[in-house]
Amino acid sequence: MKRLFLSVRNLKGVGRKRFEIYQKLGIETPYDLLYYLPRDYRDYREPVPVAETQTDVPAVIRVTITAKKRPIRTRTGMMMYMLDAEDDEGTPVSIRIFNNMYSYQALETGRTYTMFGKIAGSPNAREIHAPAVHREADNPIEAIYPQTTGLTSAMLRTNVRDALALMDEAPFETLSPELRSRYGLIPLAKAMHGIHEPQDMEEAEEARHRLAFEEMLRLQLGLRILGRKAARKSDYPMQENTDLQPYYDSLPFPLTSAQKRAVGEIMQDMASGEPMNRLLQGDVGSGKTAVAAAACYAAVQNGCQCTLMAPTEILAGQHYQTLRSFLEPLGITVVLLTGSVKGKEKKTVYAQIASGKAQVIVGTHAVFQKAVEYRRLALVITDEQHRFGVAQRAALAEKGGVPHKLVMSATPIPRTLALLVYGDLDVSVLDVMPSGRKPIKTYAVTGGGRPRVMKFVAEELQKGRQGYIVCPAIEEGELDLKNVTQYAEDMRRGLLSGWRIDILHGQMDPQEKDDAMERFRNQETDVLICTTVVEVGVDVPNATVMVIEDADRFGLSQLHQLRGRVGRGQHQSYCILLTEHLTEESRERLRLLSSTTNGFEVAEADLKLRGPGDFFGNMQHGLPPLKLASLTDAQMLHDVQEAAALLTQEDPELQKPENHALYMEILRLFAQYGENGLN
Ligand code: ADP
Ligand code: MG
């Protein structure tokens, strides 16, 4: 076995303590250590004259020691070591070292050193504090590593240097020469030298590019290969010519062209003989539920059962209502199964599922509980859930057979990201809104305008419409409740007195939430004051106005999702964003939101404003984190996409010798993040 892959403990200077730190960082071998990447570099190549340094700004200077002063004990008991020095222009500078006798002793009078440190003192009496001294033997550009207690960048540099030597002894490569030359990528060994010990910054960049490319490629290939490998043959092939006409006839509206296309794609998938693995993506209000119901109808006609799983009880309840109204007239039995279905009722539902009497099962995660036994579960639909975790997949597998899967999402992921996140899924897009929809009018108003806003809300209510007021959710239990209830109290007594006001927030128990939702849907209440609980999927077409308090606190995409709760019927709808103070930045954000109702445009803007980290922050994408690759590098994403396609075309399971190392890396990557890594 190559020493590169033996224990990191074998490296010089790695004792028990450092070994433990490395283990905590997930570094077991010298090879792992090479993937512990610098966060920055310190360039010692061009020291600045002391005369040109600025107070409080760190600088690299090159000076000769002229005198070592006697150490002083400060009033706080610290030892201060001072040395006099001057640069080659003769400008003096005083070096100050605190408590570190070793650093002081290492500096010799008459010798010249290059050092980096914070500059202090006045322009005529310069000081440099606690400088890092560059060792002549070291690379002139020093790598700075992420900070870890007990592990300095200097220690890392020494160990990395030895690891690099091991890499040179027996070069290890993950990308074939063809692939590298096609995309202009340098060899791995060269990249490792370049990232840890660059001779200039171009070299570091070239290295970063190669490593980022591979990082993204691993992810992409992993999704393609491992994701698809699970099953290639469906246990529930369906009739391609299943007659859907009765379903269409029973709908209160004709499907849009986009909905029809999506239904067609789903039917093809389920009849193909392979399990379906499809994402149904459509902006809020685009009508995903009617498409899902069509898939359910088809499955039932083929003698199968299906589940529709939603992330919250409110949503599950609403889907239950909708699916019942679409499917029960056609003689299909729809049941609801959530955590709050208990006791005798639960027993009955379980029995109906086991006997096959229940054909469509709508619910929360409860539908996958161990105790639930299906008769013939062939189709699993999830709403607003980005992907299945391994745990859920396992739970599903225990239900017998490999079902078809349909994932519905309103998160308008920019195209570049979708390739990455959903590389393993087929995608249907609902890009046409049901006809008769009017774009929501969006306005930003500062706090002072609240009375005016509420007057406007009241006018809508007067017309028989309903409205939402969203308050920011406060995480800590009690506070949330107080926030919304207090706000509702104020409104009842003040600006919205006389109207029927209800509340909805995360601390209410499921039954209370359902009741509040139900009252609102039945138009027994006029205004629903709520937290972001209403964010996903809630559908009350008569609601035409939404006021969002403290709109500043939400991301653009989230605001867009919230806004999607209105504008679902034929009436003109409004969204009013209230903020206490309008900064230039928030003005810009809100302007953007007012100017478009296209979720994809909002998401693109969100990505630009906040970066991919934040963008992904609120999403359960379940992917391993990217250390190097930037999700905004469209060219690289494109190349990686193409490379992955080429590779899997030539070597579908990556079993050829030249791809073996890459395959092992992919397994390693997904083993680490396996818990929710794959579909
Ligand atoms: P989402 O894609 O956000 O989940 P829904 O499925 O909740 O959207 O649909 C939003 C609203 O549009 C619902 O009231 C639904 O009944 C209605 N709807 C769906 N499809 C159509 C259509 N083709 N024509 C008219 N209304 C439709
Ligand atoms: Mg929905």
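*Asks:* Sorry if this is basic, but what is going on with helix α17 (residues 510-521) here?
*Replies:* For an α-helix, the turn length of 3.6 residues means that residues three or four places apart are oriented alike. The first and last C-alpha atoms of α17 sit 16 Å apart over 12 residues, in line with the 16 Å expected at 1.5 Å per residue. Where α17 is buried, its residues contact α11 (313-327), β17 (466-470), β18 (501-504), β19 (527-530) and β20 (543-548).

*Asks:* I'm lost on the sheet that holds strand β15 (residues 426-430) in this one. Help?
*Replies:* Within a sheet, each strand pairs with its neighbour through backbone hydrogen bonds, oriented either parallel or antiparallel. On the basis of which strands lie adjacent, the open sheet formed by 7 strands has the order β11-β12-β10-β13-β14-β9-β15 and parallel pairing. The sheet is open, and its two edges are formed by β11 (334-337) and β15, each paired on a single side. Taking the axes of each pair of neighbouring strands and ignoring which way they run, one obtains an average angle of 20 degrees across the sheet. In the sheet, strand β9 (residues 277-282) pairs with strand β14 (residues 404-409) via 5 bridges, with the strands oriented parallel. In the sheet register, L279 faces β14, and the bridge partner there is V407. Along the sheet, helix α10 (residues 288-301) makes contact with β9, β10 (305-309), β12 (360-363), β13 (377-383), β14 and β15, crossing β13 at roughly 170 degrees. Each of β10, β11, β12 and β13 touches α11; the most contacted strand, β11, lies at about 175 degrees to it.

*Asks:* Help me understand the environment of V453, please; the structure alone is not making it clear to me.
*Replies:* By the secondary structure assignment, V453 is in helix α15 (residues 450-462). Separated by 124 residues in the primary sequence, V453 and L577 place their C-alpha atoms 9.8 Å from one another. Setting aside chain neighbours within four positions, we find V453 in contact with V445, V547, I576 and L578.

*Asks:* Mind showing me how you'd approach the confidence of the model for the protein here?
*Replies:* When pLDDT is low, close inspection of the predicted coordinates is not appropriate. When pLDDT is averaged along the protein, the result is 86, and 88% of the positions lie at 70 or above. For the stretch residues 613-622, pLDDT sits under 50, and the model shows 24 contacts to residues farther than four places along the chain or on other chains. Across residues 674-679 the pLDDT falls below 50, and counting only partners more than four positions away or on other chains, this stretch makes 31 contacts in the model.

*Asks:* Can you walk me through the nonpolar core in this structure?
*Replies:* When a protein is soluble and globular, its nonpolar side chains tend to lie buried together. The biggest cluster of nonpolar side chains holds 59 residues, and the ones touching the most others in it are M192, L211, L217 and L221. Elements with a contribution of two residues or more to this core: α1 (16-24), α2 (30-34), α4 (153-169), α5 (177-183), α6 (188-196), α7 (201-229), α21 (634-650) and α22 (657-672). Per-element accounting of this core gives the leading share, 10 residues, to α7. In terms of nonpolar packing, the next biggest core, distinct from the first, is built from 42 residues, A293, Y297, V362 and L430 among them.

*Asks:* How should I be thinking about the sheet that holds strand β21 (residues 574-579) in this particular structure?
*Replies:* Overall, parallel pairing links the 6 strands, which are arranged β16-β21-β20-β17-β19-β18 in an open sheet. Only two strands of the sheet have a single neighbouring strand rather than two, namely β16 (441-446) and β18. On average, each strand axis in the sheet is inclined to that of its neighbour by 20 degrees, with strand direction left out of account. Pairing of β17 with β20, which is carried by 5 bridges, proceeds in the parallel orientation. Note on β20: the bridge partner recorded for Y468 is M546. Of the strands in this sheet, β17, β18, β19 and β20 touch α17, which is tilted by about 140 degrees from β18.

The rules behind the values
Residues numbered from 1 in each chain as written. Chains lettered and ligands numbered in written order. Predicted model: local features only at pLDDT ≥ 70, side-chain atom pairs only at ≥ 80, totals over all residues. Heavy atoms only, no water. Helix = DSSP H or I, 4+ residues; strand = E, 2+ residues; numbered from the N terminus. Expected span 1.5 Å × (residues − 1). Contact = heavy atoms within 4.5 Å. Pairing = 2+ DSSP bridges. Axes fitted to C-alpha atoms, helices over the stretch in contact; angles between N-to-C directions. pLDDT = per-residue confidence, 0-100. Core = buried A, V, L, I, M, F, W, Y, C linked by side-chain atoms within 4.5 Å. Buried < 20%, exposed > 50% of the residue type's maximum accessible area, 1.4 Å probe, protein only.

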